[in-house]
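Close look at the chain arrangement
Spelled out from the first residue to the last, the chains are:
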Number of protein chains: 2
Amino acid sequence: MPKSATTSRRRNVVLALPIRLDRAIRGQSQQVHAALRSAIVDGLLAPGLRLPSSRGLAEQLGVRRNAIVAAYEALLSDGLVEPRHGAGTYVAAELPAPQAAAPAADLDIRIPARRPFALGVTLVDPSLLKRLAAASRRRIAQAAPDELGYGDPRGSLHLRTQVAHYLAANRGVRCDPSCILIVSGTQHGLRLCIDALLAPGDAVWFEDPGYVASRHTLGTTGAKLVPVPVDGEGIVVSAGESADRKARAAYVTPSHQFPTGVAMSMARRIALLDWARRADAYIFEDDYDSEYRFAGPPLTALAGIGAERVIYLGTFGKTLFAGLRLGYVVVPPALVARVVGARAAQDRFPPVFMQDALADLMADGVISAHMRRMRPRYRQARDAVAEALARHGRDVLQLAAPSQGLHLLATLPPGAPKGAARLIRDRAGVECRLLSDARIVQRGPDGFILGYSGFATRDLANAARELARAAKEVLSAASRGR
Amino acid sequence: MPKSATTSRRRNVVLALPIRLDRAIRGQSQQVHAALRSAIVDGLLAPGLRLPSSRGLAEQLGVRRNAIVAAYEALLSDGLVEPRHGAGTYVAAELPAPQAAAPAADLDIRIPARRPFALGVTLVDPSLLKRLAAASRRRIAQAAPDELGYGDPRGSLHLRTQVAHYLAANRGVRCDPSCILIVSGTQHGLRLCIDALLAPGDAVWFEDPGYVASRHTLGTTGAKLVPVPVDGEGIVVSAGESADRKARAAYVTPSHQFPTGVAMSMARRIALLDWARRADAYIFEDDYDSEYRFAGPPLTALAGIGAERVIYLGTFGKTLFAGLRLGYVVVPPALVARVVGARAAQDRFPPVFMQDALADLMADGVISAHMRRMRPRYRQARDAVAEALARHGRDVLQLAAPSQGLHLLATLPPGAPKGAARLIRDRAGVECRLLSDARIVQRGPDGFILGYSGFATRDLANAARELARAAKEVLSAASRGR
């Protein structure tokens, strides 16, 4: 716009404003209202400024005059403009400071990269997604009205029944569906049960080294973490009793200890249950990747032998994929009401459709077929990583290739210098958690927690080779430097 | 089986057991293992009992002998059996007590009945469900691998962008999608933000009367509730300042106060924001049913005029239906990182598919079309209830039919005896919350919070008539009894 034109119109300040009507808003007066409201709230129209006459603005904007009148009335009821008797409409004198849409400042949202050896990533068959898509479509399209309102805080009975069957057949856990709650994953289930069952400051035994995410969750609940060392049989119950015999709970990963991969022995399981009975404590059993076992039958879950003290946490995040956000908690019958009560103040109940869609797939055997298909692939992935590390990393990496689960642990020799693991990881360009991240007070050689479930075997083998080479380089440079 | 046959086989104790192989389990040895494990853990096979030879059991069960050998080995590694040299396999002497699957005891899961005037129920068009079903199928079937793993804790960017558009156009709230978190509903969002932003014992202003579910949520977080009365302009800010000037937050329902239906005046909004700035406090703005406005343009949200102090809580539970479990929180840019951090220890991130399916429908205008279709139906429902109450309940019920939202409030006259509301509700056979349920310390006549969004107009009119009649009967009986 040439300067002269602006000057000649100086009195009509509003006209120089970029008033843009949003045609997506229904109704002309609503469009005008929204545009003027934004202009006032943003400070483009200053407090005390006189607005044009309704007729004048209607002409400028090419809308009906009635729309302007209605918009002005709406601004009036917003308190954003004020009439002055016989003198038109003015932007209200007392207004809050202008606001602009600002992005979140310096926010580092950590979405794990999808490079080997990231954890929590799985391979998903397109045919499985197709089945899930079809089941979901069916469930949504055919939803009865009473499936759309507030639901059972425990989640779909259909899915809970399928989970009960699965647990009885595969984990030795016999529970009634009324004792199962569908949650969005392990951390959600853990948080829910801690909120329901523990008081702030209650002591909880925690495996050292242990699962970082659960440690974080426990930390935010105000629980007092009691680190308890892990040996070749799992958590050392006697050490826990020495540290805090009267703890209120223990968090354990008995079937495949995170990150060491140790399976808790039956003797240790019985000792842990005995302690829980004596101490009147709860055991949180995180059975996070028990679905994938490569040798021998799965071990019976703790909840299968001590159901009255054990809260069992399972997830479909490993069986299928994390983005599904479906897991489950099995709660001793006497505690269900308390956990359900806590849920009312958290997320109330899980979304309805995907639960039933998943249950349909379980009932049709699609999920167990998927697990059968994936098991040899994951075993192959484990073997590829283990072989590459053994071949290229002899003398520098000690392996504990597990008979179950989706990650393995490679540890550095005892003499490795401090910080070497981080250096090796960075040099190899791989994505992985370090053993030291999982440690609390226990010390020892550092190592690499290598997830192998989400990547092609060849990529895993290459990444393992890089890791082994980097380990050799870093460690030999360190020993030369001595 | 005839008694003699049983007697003649007495030594083979196992044979008398109902060993049922679960054909759903893959592999004969796994089937045998699961069956025997259950029998041992359940106490059917007592500690110290000798198990049959593998050959003998194989014959009895009609499975390969190798399967029995493998099953026995698995039980051995479970620690459930023990070998005695040269003497076969015995149930381990030291075993936990038997467990049986028990249902949750005396659990009263409260799923609101779907009778008028239940709150939280909406009408849903089958055609909308069909569109949602199709979008969901498409989203799942076409999901890229990186949409299946751990996602952004804020939820889908697609949906957050659509929500930002919606809020700018309809609520005067201008925010960047980076400041929006997708949650499962208002209580979830509230809980998340309180966990992130407040410390236990922090004081929070709460409308009196106010929204019961949020009061419960706040209560479980350890916040100290400061009841602040509500008048015809909304929360009485000066009363809040007298009660606790240094409170850390206020929870308010400005666009349609729950349950009174009052819209907070602009003067009160500005006073509230001013207090929040002076006190360095947060405002939780629950904008729970702002989508349905029957007269005049919607009022600008508090978050539209004081974004740096306001946490805005919105839900699709009223726009669409509660079972969808989708809502959103708009957080001031400076606080996003803290709220995201808190989510890591709660439910981590929302399920991926339904978010994008819903966003597709928003982008296609399907949701706004649904809202346009529903608005006259809900207005009709509101009118039907108001008219029936006015016609049949003159002198006993005072109405506040709102220009927005999905419920109205009918109050009893000041002289009504204590307990009358409950009696009237029971006699009328309707499902509704009482005003007294929503009160904290404020006193006054009781009343009925009447949801009208989930039912046919005729049913609502009938229920309203019953309520009015019951009110007349109960109140006139009470006045005769005086």
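1. Observations concerning unusual backbone geometry
For the bond from Phe 258 of chain A to Pro 259 of chain A, the omega torsion is 5°, close enough to zero to count as cis. Relative to the assigned elements, Pro 259 of chain A resides in the loop between strand 7 (249-252) and helix 10 (266-279). Residue Phe 117 of chain B is reached from Pro 116 of chain B by a cis peptide bond, and omega for that bond is 10°. Following the sequence through the fold, Phe 117 of chain B ends up in the loop between strand 2 (88-91) and helix 5 (126-141). With phi around 55°, Asp 280 of chain A is a residue other than glycine that occupies positive phi space. Its place among the elements puts Asp 280 of chain A in the loop between helix 10 and strand 8 (282-286). Relative accessible area serves as the criterion here: at 43%, Asp 280 of chain A is assigned to the partly exposed category.

2. Re the sheet that holds strand 6 (residues 234-235) of chain B
The strands that make up a sheet are held in pairs by hydrogen bonds between backbone atoms, and each pair lies either parallel or antiparallel. Residue and element names in this part refer to chain B. The mixed open sheet is built from eight strands, whose spatial order is 3-10-9-8-7-4-5-6. Two strands in the sheet have a free side with no partner beyond their single neighbour: strand 3 (180-183) and strand 6. Sheet topology places strand 8 (residues 282-286) next to strand 9 (residues 310-315); four bridges connect them, and they run parallel. Across the sheet, the residue bridging to Phe 284 is Ile 311, located in strand 9. Set on the sheet, helix 10 (residues 266-279) makes contact with strand 4 (203-208), strand 5 (224-231), strand 6, strand 7 (249-252), strand 8 and strand 9; between it and strand 7 the angle comes to about 155°.

3. Concerning the pattern of salt bridges
If charged atoms from side chains of opposite charge come close, those side chains can pair. A complete count under the given rule lists 48 salt bridges over all chains for this structure. Across the salt bridge formed by Arg 268 of chain B and Asp 231 of chain B, the nearest N and O atoms sit 3.0 Å from each other. Here Asp 231 of chain B lies in strand 5 and Arg 268 of chain B lies in helix 10, a separation of 37 residues in the sequence. Residue class for Asp 231 of chain B comes out partly exposed when judged on its relative accessible area of 32%. Salt bridges linked by common partners bring Arg 191 and Asp 195 of chain A together with Arg 191 and Asp 195 of chain B together as one network.

4. Describing the side chain of Arg 309 of chain B
As for its position among the elements, Arg 309 of chain B is in the loop between strand 8 and strand 9. If we skip the residues at most four places from it in the chain, Arg 309 of chain B touches Ala 276, Arg 277, Asp 280, Ala 281, Tyr 282, Ile 283 and Pro 332 of chain B.

5. Regarding the relation of the copies chain B and chain A
Mapping chain B onto chain A calls for a screw motion: a turn of 180° about the axis and a shift of 0.0 Å along it, with 0.1 Å RMSD after fitting. Such a combination of turn and shift is consistent with a two-fold rotation axis. Residues of chain B ranked by C-alpha distance from the rotation axis are headed by Arg 137 of chain B, positioned 2.6 Å from it. Comparing interface residues between copies, 100% of those in chain B also lie at the interface in chain A; the contact surface is shared.

6. Describing the environment of Leu 299 of chain A
Turning to its location among the elements, Leu 299 of chain A is positioned in the loop between strand 8 and strand 9 (310-315). Among the residues examined, Leu 299 of chain A registers a relative accessible area of 10% and is labelled buried. In this structure the C-alpha to C-alpha distance between Leu 299 of chain A and Ala 263 of chain A, which are 36 residues apart in sequence, comes to 8.4 Å. Residues within four places of Leu 299 of chain A in sequence aside, it is in contact with Arg 171, Ala 263, Met 264 and Arg 269 of chain A together with Arg 37, Ser 77 and Asp 78 of chain B.

7. Quick notes on a positive patch on the surface
On the surface, Arg 131, Arg 137 and Arg 138 of chain A together with Arg 131, Arg 137 and Arg 138 of chain B cluster together into a positively charged patch. Elements with a contribution of two residues or more to the positive patch: helix 5 (126-141) of chain A together with helix 5 of chain B. With respect to the helices and strands, the residue Arg 138 of chain B is situated in helix 5.

8. Brief notes about the domain arrangement of chain A
All names here are of chain A. Taken domain by domain, chain A comprises domain 1 (3-91), domain 2 (126-368) and domain 3 (371-481). Taking only C-alpha atoms, the centre of domain 2 and the centre of domain 3 are 28 Å apart. Facing 30 residues of domain 2, the contacting portion of domain 3 comprises 26 residues. Overall, the association of domain 2 and domain 3 removes approximately 2600 Å² of surface from exposure, summing both partners, and the carbon and sulfur fraction of that is 59%. Taken as a group, Asp 208, Tyr 292 and Phe 294 account for 30% of the area that domain 2 buries against domain 3, more than any other trio of residues on that side.

9. A few points about the packing of aromatic side chains
Applying the stated rule across the entire model yields 20 aromatic pairs over all chains. Relative to Phe 353 of chain B, the ring of Phe 321 of chain A has its centre 5.8 Å away and its plane inclined at 75°; by these criteria the two rings are edge-to-face. Pair noted here: Phe 321 of chain A is in the loop between helix 11 (316-319) and strand 10 (327-330) and Phe 353 of chain B is in helix 13 (residues 352-363), and the two residues belong to different chains. Each member of the pair, Phe 321 of chain A as well as Phe 353 of chain B, is classed as buried. A ring pair is formed by Trp 205 of chain B and Trp 275 of chain B, whose centres lie 3.7 Å apart and whose planes are at 15°; its orientation type is stacked. Here Trp 205 of chain B is found in strand 4, whereas its partner Trp 275 of chain B is found in helix 10, with 70 residues between them in sequence. Judged by its relative accessible area of 0%, Trp 205 of chain B is buried. Given a relative accessible area of 1%, Trp 275 of chain B falls into the buried group. Here a set of aromatic residues connected by ring pairs shows up, and it is made of Tyr 211, Phe 258 and Tyr 288 of chain A. Over the aromatic face of Phe 349 of chain A sits the side chain of Arg 325 of chain B, whose NZ or CZ is 4.2 Å from the ring centroid.

Thresholds applied
Residues numbered from 1 in each chain as written. Chains lettered and ligands numbered in written order. Predicted model: local features only at pLDDT ≥ 70, side-chain atom pairs only at ≥ 80, totals over all residues. Heavy atoms only, no water. Helix = DSSP H or I, 4+ residues; strand = E, 2+ residues; numbered from the N terminus. Buried < 20%, exposed > 50% of the residue type's maximum accessible area, 1.4 Å probe, protein only. Pairing = 2+ DSSP bridges. Contact = heavy atoms within 4.5 Å. Axes fitted to C-alpha atoms, helices over the stretch in contact; angles between N-to-C directions. Salt bridge = Lys/Arg side-chain N within 4 Å of Asp/Glu carboxyl O. Least-squares fit on C-alpha atoms with pLDDT ≥ 70 in both. Patch = residues over 30% accessible without salt bridge, like charges linked within 9 Å, V, L, I, M, F, W, Y side chains within 5 Å. Areas by Shrake-Rupley, 256 points an atom, 1.4 Å probe, with all protein chains shown as cover. Lys, Arg positive; Asp, Glu negative; His and termini not counted. Charge placed at Lys NZ, Arg CZ, Asp CG, Glu CD. Domains from an automatic or database assignment. Buried area = accessible area lost by both parts, 1.4 Å probe. Phe/Tyr/Trp six-rings, centres within 6.5 Å; stacked < 30°, edge-to-face > 60°. Lys NZ or Arg CZ within 6 Å of the ring centre and 35° of its normal.

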